[in-house]
Amino acid sequence: MSKILYKSAEEIELIRESALLVSRTHAEVAKVIGPGVTTIELDRLAETFIRDNGGIPTFLNYGGFPYSLCISLNDQVVHGFPGNYTLVEGDLVSVDCGATLNGFVGDSAYTFAIGEVSDIVKKLMRVTKECLYLGVEKAVVGMRIGDIGYAIQEHAEKNGFGVVKELVGHGVGVKLHEKPEVPNYGKRGAGIKLEEGMVIAIEPMINAGRAGVKFWDDGWTVSTVDKKPSAHYEHTVAVGKGKPDILSTFEYVDNVLKEKNNN
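Residues numbered from 1 in each chain as written. Predicted model: local features only at pLDDT ≥ 70, side-chain atom pairs only at ≥ 80, totals over all residues. Heavy atoms only, no water.

Participant: What should I look at first to understand the environment of alanine 19 in this one?
Facilitator: Mapping alanine 19 onto the fold places it in helix 1 (residues 9-32). Once the C-alpha coordinates of alanine 19 and glycine 106 are considered, the two residues, 87 residues apart in sequence, prove to be 3.9 Å apart. What alanine 19 contacts, discounting residues up to four positions off in sequence, is Gly106, Thr236, Leu247 and Ser248. (Helix = DSSP H or I, 4+ residues; strand = E, 2+ residues; numbered from the N terminus. Contact = heavy atoms within 4.5 Å.)

Have a look at this one:
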């Protein structure tokens, strides 16, 4: 069984650089995402941007995954394939991205609304993002993995949404997927104790309807069993003393979206 890879302060700074490259990549996607754009165009843009900035798209060829981004539409939860699908008004699009820079990995996901979306989708996006930050708040020394999952699950279910159980967050930094697993559900005070030097990807995957998912024959795509939409937000986070250190940021992407909405 593989063990947790603890990071030094210097290594955490290098992971931050990778995570910020991912964050900037999301902002580049935000600039062009909209009705009439194909999802493969977003994938190509992300790959070019990551490479132009000295990075490597971590997802490309990871375990055989053939793209730089996971792009999951509407009822798809995660690991969707970019392709010739043209985005239309009302679509919900979750974009998951990883970048390797100087040998270290950053990982972050963001969910985009295409044009005007339904009220339930707006609520789903808001609550999923809130779940992320409630989970991140617990990423401090002395807390446990179950505290993160409990915070996420409690908020999602209180709002009538389903929490995906089959897919979880994870340690990250040296490799894309490391120990420990970070579920989006759990019991307070249960699981591995969080310690300094741990870097984890916290990533609530929340469904508008039931929690159940189905796995596609392509070996990657996961969608909701009831065909209701799903949202996904993710940060790379270093466990800190007293407070977490979020290594990725939504600031860049939020600024782009704000600007687009004002125009």
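Participant: Whenever I open this one, the packing of aromatic side chains confuses me. Can you help?
Facilitator: As enumerated under the stated definition, the model contains nine aromatic pairs in all. Among the aromatic side chains, those forming a connected cluster through ring pairs are Tyr110, Phe112, Tyr133, Tyr233 and Phe250. Cation over ring: lysine 165 sits above tyrosine 185, and NZ or CZ is 5.7 Å from the ring centre. (Phe/Tyr/Trp six-rings, centres within 6.5 Å; stacked < 30°, edge-to-face > 60°. Lys NZ or Arg CZ within 6 Å of the ring centre and 35° of its normal.)

Participant: Can you walk me through the sheet that holds strand 11 (residues 213-215) in this structure?
Facilitator: Strands pair in a sheet through their backbones, by hydrogen bonds, and they do so in one of two ways: parallel or antiparallel. Taken together, the three strands give an open sheet; going across it, the order is 3-12-11, and neighbouring strands pair in antiparallel fashion. Of all the strands in the sheet, the pair left with one neighbour each is strand 3 (76-78) and strand 11. Neighbouring strand axes in the sheet, compared pairwise and without regard to direction, differ in orientation by 40° on average. In the sheet, strand 11 pairs with strand 12 (residues 222-224) via three bridges, with the strands oriented antiparallel. For lysine 214, the partnering residue across the bridge sits in strand 12 and is serine 223. (Pairing = 2+ DSSP bridges. Axes fitted to C-alpha atoms, helices over the stretch in contact; angles between N-to-C directions.)

Participant: So what exactly am I meant to see when it comes to the layout of surface pockets here?
Facilitator: Remark: the empty space left among the atoms is shown by a probe the size of a water molecule rolled over them. The calculated volume of the largest pocket comes to roughly 440 Å³. As for the largest pocket, its lining consists of 20 residues, and the residues nearest its centre are Ala113, Gly115, Met125, Leu257 and Asn261. Contributing elements (two or more residues each) for the lining of the largest pocket: strand 5 (104-113), helix 3 (119-137) and helix 5 (251-262). Per-element tally for the lining of the largest pocket: the top contributor is helix 5, with five residues. Grouping the amino acids of the lining of the largest pocket by side-chain chemistry returns 10 nonpolar, four polar and six charged. Looking at the second largest pocket, its volume works out to about 330 Å³. (1 Å grid on protein atoms, 1.4 Å probe; cavity = no way out; pocket = protein on both sides within 12 Å on 5 of 7 lines; lining within 4 Å. Points joined across faces, edges and corners; volume = space filled by probe spheres on them. Nonpolar A, V, L, I, M, F, W, Y, C, P; charged D, E, K, R; others polar.)

Participant: Quick question: what am I supposed to make of the packing of helix 1 against helix 2 (residues 39-52) here?
Facilitator: Two quantities define a packed helix pair, namely the angle between the helix axes and the distance between the axes. With their axes 10 Å apart at the nearest point, helix 1 and helix 2 run at an angle of 140° to one another. The orientation of helix 1 with respect to helix 2, classified from their angle, is oblique. The hand of the helix 1/helix 2 crossing is right-handed. Along its contact with helix 1, which presents Leu21, Arg24, Thr25, Glu28, Val29 and Val32, the element helix 2 presents Leu42, Leu45, Ala46, Phe49 and Ile50. (Parallel < 35°, antiparallel > 145°, perpendicular 65-115°, else oblique. Left-handed = near helix turned anticlockwise from the far one by under 90°.)

Participant: Any chance you could explain the UniProt feature "binding site: a divalent metal cation 1" (unreviewed entry) in the protein chain here in plain terms?
Facilitator: Per the UniProt record, the feature "binding site: a divalent metal cation 1" (unreviewed entry) sits at Asp96, Asp107 and Glu234. With the annotated positions falling across 139 residues, the maximum pairwise C-alpha distance of 8.0 Å places them together in a single cluster. Those annotated residues that line the second largest pocket are Asp96, Asp107 and Glu234. Following the sequence through the fold, aspartate 107 ends up in strand 5. For aspartate 107, a relative accessible area of 2% gives the class buried. At a separation of 3.3 Å, a polar atom in the side chain of aspartate 107 contacts the side chain of histidine 170. (UniProt positions renumbered as here; feature names shortened; annotations may be inferred. Buried < 20%, exposed > 50% of the residue type's maximum accessible area, 1.4 Å probe, protein only. Polar contact = N/O pair within 3.5 Å; in protein donor to acceptor, adjacent residues only side chain to side chain.)

Participant: Explain the UniProt feature "binding site: a divalent metal cation 2" (unreviewed entry) in the protein chain to me, please; I cannot follow it from the model alone.
Facilitator: As annotated in UniProt, the feature "binding site: a divalent metal cation 2" (unreviewed entry) corresponds to Asp107, His170, Glu203 and Glu234 in the numbering used here. Taken along the chain, the residues just named run across 128 residues; in space they keep tight, none of their C-alpha pairs more than 10.7 Å apart. Within the annotated group, the residues that form the lining of the second largest pocket are Asp107, His170, Glu203 and Glu234. Examined against the element boundaries, histidine 170 turns out to sit in strand 7 (residues 169-171). Apart from the residues within four sequence positions on either side, histidine 170 is in contact with Asp107, Leu176, His177, Glu178, Pro180, Glu181, Val182, Ile200, Ala201, Glu203 and Glu234.

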